[in-house]
Amino acid sequence: MSAATTDQSTAEVTINGTVREFDGPPHTNALDFLRGQGLTGAKEGCAEGECGACAIMVARPDESGGTRWTSVNSCLLPAAALDGGEVVTSEGLADGDSVHPVQEEMAVRGGSQCGYCTPGFISSMAAEYYRPDRCEDGFDLHSLSGNLCRCTGYRPIRDAANALGQPAADDPLAARRDRPAPSARATDYQRADTATGTIGRYRRPSTLAEAASILSSDPEVTVVAGATDWGVEVNIKGARGKNILAVDRIEEMRGIRRTESFVELGASHTLSELERELSGSIPLLSKLFPQFASRLIRNGATIGGNLGTGSPIGDTPPALLALEAELVLTSVRGPRTVALADYFTGYRQTVREVDELITAIRIPLPLSPLTSFQKIAKRRFDDISSVAIGYAVDIQDGVIAKARIGLGGVAATPLRATATEALLEGRPWTLETVHAAAETLAAEGTPMDDHRASAKYRTAMLRSSLERFYAEQLGHPAVTSKEVQ
């Protein structure tokens, strides 16, 4: 372990090239730690990961073996999670008296007025500036989707982003990409909560066996990965975990494994890593990823964490249900596999035992060729869904051979629309079939009224969803003009 198991243990992190020690309570987020170090560019806006004013860059491993500068919300990330890592804040981008190209473009193009959000924009923009393949496909403006500005307006910010060239040959942050990222350090950090005096503990083991052992000995430990959910609980609700078990960098829970019968996704792989490394090989997930929160959130959030909360409005369950995914649950007793359709048992309740970790998600092969992910929300991006629907359908000779539909936001748990699936299978892929099945789909689940949508609205969205899916597929090669008449 990197720190002795005493209440005087510390964590070390390289910030803007200088090694600094963190010795605050384990629930302290990275934003408060950085501001306590006098680095006040990053700011708290929403404390929920929705505004991006707190954005910083961290050095993460790249699949090429080098380093990828990655923007994250520092208000959600535990400071102890930075132990052994490297961070660059907006203050660390300039080279002496010479401003960074991102800072210069933001200044000359009027990308800042009050300036509150500007350092966060600059950090997200700099992470995209250093993206290895940016020269091939240009600046991705969605990299800024998690950054909000209330006074400047987005046009000059967009102009600044699009004006950026490539990093100079002597750019030290660009050169840093060619060296490996810091290895995940095993951390055992303990410190007293200054308010209560209670000793808190943050542990990041290096192996799955260690993690399972910790969870077995203390089933009440709080498991975190990207902390995009837990961080909100800490900031908004004052949640405190006496013992934190971090599983974000355990190698056995990361990566993608392919066999002839399934694709296995590591539960601790972030959504951005999955999006990048799958490269469109699972089309339904490719349609999901851009609609999941923002790039800042996806850079931290893990697929296992999204499932682990048991939320009925998580975005990944509807898509994974349509894909007939299975979960690998691991404890000291070993792994077991559970179909995702059998995983949820009640509101935020699952079959996972208290000493089990979600270690992987398996998606069986072959994949159905017709897919869609529909997210109905008040905002197009960076929002929680009112209703989410995943489709995976196989059409053979104009007949529906297989239909799988996953639903979120219409019941106490995510669920499969089994009645609609049964009605569709074996029938011709026609508008008449779709109209008949749409009425059945509208009756699936038990939608409720809340601040996001009414039960009637959710029912209406289900009814129209299948027709929308049919319309999306009219140009697909699996559907001929004769079949859609």
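Residues numbered from 1 in each chain as written. Predicted model: local features only at pLDDT ≥ 70, side-chain atom pairs only at ≥ 80, totals over all residues. Heavy atoms only, no water.

The protein chain is annotated in an unreviewed UniProt entry as Xanthine dehydrogenase small subunit of Brevibacterium epidermidis.

Residue-level account of the pairing of strand 16 (residues 357-364), with values.
Within strand 16, 6 of the 8 residues are buried, which leaves the element mostly enclosed by the surrounding structure. Alignment of strand 11 (residues 262-266) against strand 16, held across 5 bridges, turns out to be antiparallel. Across the sheet, Phe262 pairs through a bridge with Pro364, a residue of strand 16. Note: strand 12 (residues 326-331) against strand 16, 5 bridges, orientation antiparallel. Looking at the pairing, Glu326 lines up with Arg362 of strand 16. (Buried < 20%, exposed > 50% of the residue type's maximum accessible area, 1.4 Å probe, protein only. Helix = DSSP H or I, 4+ residues; strand = E, 2+ residues; numbered from the N terminus. Pairing = 2+ DSSP bridges.)

Which residues make up the environment of Thr430, and what are the values?
With respect to the helices, strands and loops of the structure, Thr430 is situated in the loop between helix 14 (418-424) and helix 15 (431-442). Looking at Thr430, the relative accessible area reads 18%, which means it is buried.

Could you give an account of the UniProt feature "domain: FAD-binding PCMH-type" (unreviewed entry) in the protein chain, with specific residues and numbers?
Cross-referencing UniProt, the feature "domain: FAD-binding PCMH-type" (unreviewed entry) maps to residues 195-368 in the present numbering. Structurally, residues 195-368 comprises 28% helix and 26% strand, and the distance from its first C-alpha atom to its last is 54 Å. (UniProt positions renumbered as here; feature names shortened; annotations may be inferred.)

Describe helix 7 (residues 208-217), and please don't skip the residues or the numbers.
Restricting attention to buried positions, one finds in helix 7 the residues Leu208, Ala211, Ala212, Ile214 and Leu215. The buried residues of helix 7 occupy one face: seen down the axis, they fall within an arc of 160 degrees. Opposite the buried face of helix 7, at more than 90 degrees from it, the exposed residues are Ala209 and Ser217. Residues of helix 7 that are buried sit in contact with strand 7 (199-204), strand 8 (222-224), strand 9 (243-246), strand 12 and strand 16. (Arc of directions from axis to C-beta. Contact = heavy atoms within 4.5 Å.)

Can you explain the packing of helix 15 against helix 16 (residues 455-472)? Please cite residues and give values.
Taken N-terminus to C-terminus, the directions of helix 15 and helix 16 make an angle of 155 degrees; their axes are 8 Å apart at the nearest point. Judged by the angle between their axes, helix 15 and helix 16 are roughly antiparallel. You can see that helix 15 and helix 16 cross each other, and the crossing is right-handed. Across from Leu431, Val434, His435, Ala437, Ala438, Glu439, Leu441 and Ala442 in helix 15, the residues of helix 16 making contact are Thr459, Leu462, Arg463, Leu466, Glu467 and Tyr470. (Axes fitted to C-alpha atoms, helices over the stretch in contact; angles between N-to-C directions. Parallel < 35°, antiparallel > 145°, perpendicular 65-115°, else oblique. Left-handed = near helix turned anticlockwise from the far one by under 90°.)

Could you give me a rundown of the pattern of salt bridges, with the residues and numbers involved?
Applying the stated criterion across every chain yields a total of 28 salt bridges. A salt bridge links Glu275 to Arg295; the nearest nitrogen and oxygen atoms lie 3.1 Å apart. Placement of the pair is Glu275 in helix 9 (residues 271-278) and Arg295 in helix 11 (residues 295-298), with a sequence separation of 20 residues. Judged by its relative accessible area of 23%, Glu275 is partly exposed. Here Arg295 falls in the buried class, since its relative accessible area comes to 17%. Here Arg298 and Glu275 are joined by a salt bridge, their closest N and O atoms 3.5 Å apart. One end of the pair, Arg298, is in helix 11; the other, Glu275, is in helix 9, and 23 residues separate them in sequence. Overall, the relative accessible area of 3% leaves Arg298 in the buried class. One connected set of salt bridges, linked through shared partners, spans Glu128, Arg131, Asp133 and Asp137. (Salt bridge = Lys/Arg side-chain N within 4 Å of Asp/Glu carboxyl O.)

So what's going on with the sheet that holds strand 18 (residues 387-396)? Which residues, and what values?
Read across the open sheet, the 4 strands follow the order 17-18-19-20; overall the sheet is antiparallel. In the strand order of this sheet, the two ends are held by strand 17 (370-376) and strand 20 (415-416), each with one partner. Relative to strand 20, strand 19 (residues 399-408) runs antiparallel, the two being bridged by 2 bridges. Bridge assignment links Leu407 to a residue of strand 20, and that residue is Leu415.

Let's hear about the sheet that holds strand 12: which residues, and what values?
Within a beta sheet, neighbouring strands are joined by backbone hydrogen bonds and run either parallel or antiparallel to one another. Pairing within the open sheet is antiparallel, and its 5 strands lie in the order 10-11-16-12-13. The outermost strands of the open sheet, each flanked by one partner alone, are strand 10 (256-258) and strand 13 (334-339). Each neighbouring strand pair of the sheet contributes to a mean axis angle of 25 degrees, computed without reference to strand direction. Relative to strand 11, strand 10 runs antiparallel, the two sharing 3 bridges. Each bridged residue has a counterpart across the sheet, and for Arg258 the counterpart in strand 11 is Val263. Across the sheet, helix 7 is in contact with strand 12 and strand 16; its angle to strand 16 comes to roughly 125 degrees.

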